[in-house]
Amino acid sequence: MIGIVVVSHSSALADAAVALASEMTDPENRPVIKVAAGLDDKTFGTDAAAVSEAISEADSGDGVLVLLDLGSAVLSAEMALEFLDPELAGRVRLSSAPLVEGLVGAAVAAGAGADLGSAAAEAEQGLTAKTQHLGHGDGGTGKGGPEEGADGAPAEPRPESVGGERTHDEHVVELAVTAPHGLHARPAARFVRTVGAHHGVEVRVCNLDTGSGPVDGRSLTGLATLDAREGHTIEVTAAGATAADLLQELSALAGTGFGDLADPALAVAQPGAATSGATTSGTATSGATTSGAGPRSGSREISRPPEKGPTFGLEAAMGPVVRGDATASLVDYRAGDVEAELRALDEAVTRSRGELADLIDRATARLGPGEAGVFDAHLAILEDPAFQNPVRDGILAGQAAPQAVLTRTTELRAQFEGLADSYQRARGEDVTSVGERLLRALGGAEADGAHGPGVLVVRELDPATAVLLDPSETLGVITLGGAATAHGVLLARARGLPVLTGAAPARDVKEGTLVALDVRSGRLVVDPDPGVRSEFEALLAERAEARDRMMAAAGEPAITLDGHHVLVKANVASVADASLAARSGADGSGLVRTEALFGDRSTAPTVAEQVAAFERIAEQLAGGTITIRTWDVGGDKPLPFHPQEPEANPFLGVRGLRAFRDDPRPLVDQLEAICRVAREQPVRVMFPMVATVDEVDWALARLDEAAGRLPDGRPDGLEVGIMIEVPAAALRPEALTTLLDFVSVGSNDLVQYTLAAERGNPALGDLADAADPAVLQLIHDTVTGVADGVQVCLCGDAASDPDLALLLVGLGVSELSAAAAAVPAVKDVLRRARLVDLQDLAARALRAESAAEVRALLQT
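Conventions we followed
Residues numbered from 1 in each chain as written. Predicted model: local features only at pLDDT ≥ 70, side-chain atom pairs only at ≥ 80, totals over all residues. Heavy atoms only, no water. Helix = DSSP H or I, 4+ residues; strand = E, 2+ residues; numbered from the N terminus. Buried < 20%, exposed > 50% of the residue type's maximum accessible area, 1.4 Å probe, protein only. Areas by Shrake-Rupley, 256 points an atom, 1.4 Å probe, with all protein chains shown as cover. Pairing = 2+ DSSP bridges. Axes fitted to C-alpha atoms, helices over the stretch in contact; angles between N-to-C directions. Core = buried A, V, L, I, M, F, W, Y, C linked by side-chain atoms within 4.5 Å. Contact = heavy atoms within 4.5 Å. pLDDT = per-residue confidence, 0-100. Parallel < 35°, antiparallel > 145°, perpendicular 65-115°, else oblique. Left-handed = near helix turned anticlockwise from the far one by under 90°. Nonpolar A, V, L, I, M, F, W, Y, C, P; charged D, E, K, R; others polar. Phe/Tyr/Trp six-rings, centres within 6.5 Å; stacked < 30°, edge-to-face > 60°. Lys NZ or Arg CZ within 6 Å of the ring centre and 35° of its normal. Salt bridge = Lys/Arg side-chain N within 4 Å of Asp/Glu carboxyl O.

Asker: Summarise the overall build of the protein; cite the residues concerned and give the values.
Answerer: When you go through the protein residue by residue, the secondary structure sums to 32 helices and 26 strands. For the protein, the residues scored as buried account for 53% of the 860 residues in total. Roughly 34,900 Å² of accessible area belongs to the protein as shown, and the carbon and sulfur atoms make up 52% of that amount.

Next up, the structure:
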């Protein structure tokens, strides 16, 4: 059995996580779990020597899985491998899985007989169930879209008769879920342990109420993704020598609420009897368009709207095209008979498996285990029978191996693209990446990283390609399709490479053709003439100089040429974010997202836990004020420990402050924590989603209630504000702010409510622009309409756009809170501007007729 090592800064945290995992595993089949946590019982930190010792103690020869929390834990674990004998180090896997969920999943899987790879995969899927449960766009019913299998890929569509035609040795049982909290982690772990005791039995599970599944009955995360709640019925299908005995054991277990009911008599619903045999171009991701102005002097220019959001680095390139199409190597492919094609597939799978293993090692060394985790996912897709078996079936039916691979890849990709969440839809590119790897192997193409110098043109930028690109040779990347949130795009941009996405008209550009691209303006010029070449050369030189200047001055204040000081703070959702903000020169935090800070909690954090978290963030941003937003729940921000009833339109429902009117206890506890921190640190508190004076009064009353728990009451230095996110608040700011110290415009929500354009809907990307004159007018009305002495700040994506930042300051916003990485660029543009000019710019923008006209003004 494999061993597990937990590496954490806190010994208390590690011990508690191990205790939780132990509670969910069978004492007789429990893996060895060792802890390397804290420098001592009271001091936070990690020690490479202790990690090395723990790995040695956990090793039984079957491999060791190492789970980590953050920061130096990763570095200590990597250093520990250098202390080990190479043979032992070779069977150690460092995992980027979430510590608690990953440990529970890995421990249960190991206890059920999983090998190192399977246990690691189970750990990596630790957040899948939580994400799927909380991410439904249909109010959490589990009926909002295609379900995912245990490996994170979409499950096969469920037939009318679950499981389809059954063989004579299959057994089926329907089991009622009677536990109050459904088939959550603990009962699911008991289910997996029971199945794990029956070796050689294949088990599939479906949720008959939601239609989700089937999933592997040996997968803890797979069961969790079924979202089986109290009152639901699951169908379990088992095949193998002891299948009937297993289903009897599971029926008995279900009678106890899968172990969650102290009194089995509470299980009022009766499980069904087991039976045998067969039974029932708007943005950078939307594509390029041909410029109406026509080509310039023989050049072909493709004009696209600029990408919105933070812009830092060169984000431009010029060089010869290098084609990276996977299908190019298949031009001369000659198919053989069925046996030859199956052999070719096996060889391609073997080669791809080796490439991915090598990628995992190289990505871990270069980027850390977090980014290397994507290649573990690729390996899981490659090995998944749901991927390989249909390919083999296609070959047996007469397809050539490449055709069969392409067919299955397209099918799986389509399933991902049918998911409701845009980020999950983008994960279809991972499936495509695996398919293209197989195609390259079948065609005998060079492995990843063999591209020559120039600008790489690919259909989509997969992570494997991105991580191996050499910035000294690859000057930039153009993708013909794909999303800006794709793993590969994010990896490449994180490494400083300019990536222009969705430039479909570049499809026919031939190898070696000179191209010039500018990500900020969305401009792509094919075969530029000498004048355009000179223009881009000057642009690249200017941006290189600017990049160096920004970083050198990141810690300096943002003061305009005529002496106006603008605070540029950072939005943070974790202590790590606060650390990055400090390194980026942020003047504090204008938004601490508490719902994200504690979003992984199934129970509400205590006052003491919140105090500790807020203090750590304040310490990272020493000297800067932090603005703590109270729980912002609802819409696309569910909070596990504060469940809400499903709503037809959650964005116009019980959001933000409204979510605590019936039960204010979590809010009052949080306000108490904020008051306690404010006695020692510069802190502000702000309430989200406020639209009426009554809501302001109610929020202030809750603050007084919380402050009353302290012997000295509300701290004198604690400033209080609200977010201006809805037009109602922006239209009458004075009435709402007479008792406040500040307001902060939430640009993301203000845009979507003003323009009736959901911010997460890519089809409305062009419309949902903070540069729209209507949005700017509301910001102007807020600045000019607040009560005397009330400061107007702004947090959200608009503050991260340097061009928009200038406009916002011209409108009268006195403080900006941007993404941490954007802080140096925002500060830089402000230092090179005059307030009087920005005020003139703002006046002209308010008279503009469209966001496009405003954007044009920003470029003059």
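Asker: Mind laying out the sheet that holds strand β3 (residues 64-68), listing which residues take part and the relevant values?
Answerer: Note: strands within a sheet are paired through backbone hydrogen bonds, in either parallel or antiparallel orientation. Overall, parallel pairing links the four strands, which are arranged β2-β1-β3-β4 in an open sheet. Looking at strand neighbours, the two that pair on one side only are β2 (33-37) and β4 (92-95), the edges of this open sheet. On average, adjacent strands in this sheet sit at an angle of 20 degrees to one another, irrespective of strand direction. The sheet contact formed by strand β1 (residues 3-8) and β3 spans five bridges and is parallel.

Asker: So what about the nonpolar core? Which residues, and what values?
Answerer: If you look at the biggest cluster of nonpolar residues, it comprises 106 residues, and the most contacted ones within it are L816 and L830. In terms of residue count, the dominant contributor to this core is helix α23 (residues 665-678) (eight residues). Non-local contacts of L830, meaning those with residues more than four positions away in its chain, are made with A558, I559, T560, V566, V568, A805, L806, V809, L816 and L838. Ranked by size, the runner-up nonpolar core spans 52 residues in total, among them A107, A188, V192 and L246.

Asker: How would you sum up the confidence of the model for the protein? Please name residues and give values.
Answerer: Low-confidence regions, as indicated by low pLDDT, have predicted coordinates that should not be scrutinised in detail. For the protein, mean pLDDT is 79; residues scoring 70 or higher make up 78% of the total. Segment residues 303-312 is flagged for pLDDT under 50; beyond a separation of four residues in sequence, or across chains, it makes 51 contacts in the model.

Asker: Give me the packing of helix α29 (residues 802-811) against helix α30 (residues 823-831): which residues, what numbers.
Answerer: Contact geometry for α29 and α30: axes closest at 9 Å, N-to-C directions at 50 degrees. One way to sum up the angle between α29 and α30 is to call them oblique. Of the two elements, α29 crosses α30, and the hand of that crossing is right-handed. Counting all contacts with α29, which are made through P802, A805, L806 and V809, the residues of α30 involved are A825, V826, V829 and L830. Class assignment for the residues of the contact of α29 with α30 results in eight nonpolar, no polar and no charged.

Asker: Explain the packing of aromatic side chains residue by residue, including any values.
Answerer: In this structure the tally under the stated criterion is one aromatic pair. The interplanar angle of 45 degrees and the centroid separation of 6.1 Å between the aromatic rings of F191 and F258 together place this pair among those described as tilted. Of this pair, F191 sits in helix α8 (residues 185-196) while F258 sits in the loop between α10 (243-254) and β9 (275-276), and the two are 67 residues apart along the sequence. Comparing F191 with F258 shows no difference in burial state: the two are buried. Seen from the ring of F742, R684 lies directly overhead, with NZ or CZ sitting 4.1 Å from the centre.

Asker: Now, about the pattern of salt bridges: what can you tell me, with residues and values included?
Answerer: One pass over the full model with this rule turns up 34 salt bridges. Between R351 and E355 there is a salt bridge, and its shortest N-O distance comes to 2.7 Å. One end of the pair, R351, and the other, E355, are both in helix α11 (residues 338-367), four residues apart, so they sit about a helical turn from each other. Accessibility expressed as a relative area gives 26% for R351, which makes it partly exposed. Put simply, E672 and R676 hold a salt bridge, and the shortest N to O gap is 2.9 Å. In this pair, E672 and R676 both sit in helix α23, four residues apart, roughly one turn of the helix. Looking at R676, the relative accessible area reads 26%, which means it is partly exposed. Ionic contacts of the salt-bridge type, sharing partners, join the residues K569, R684, E719 and E815 into one network.

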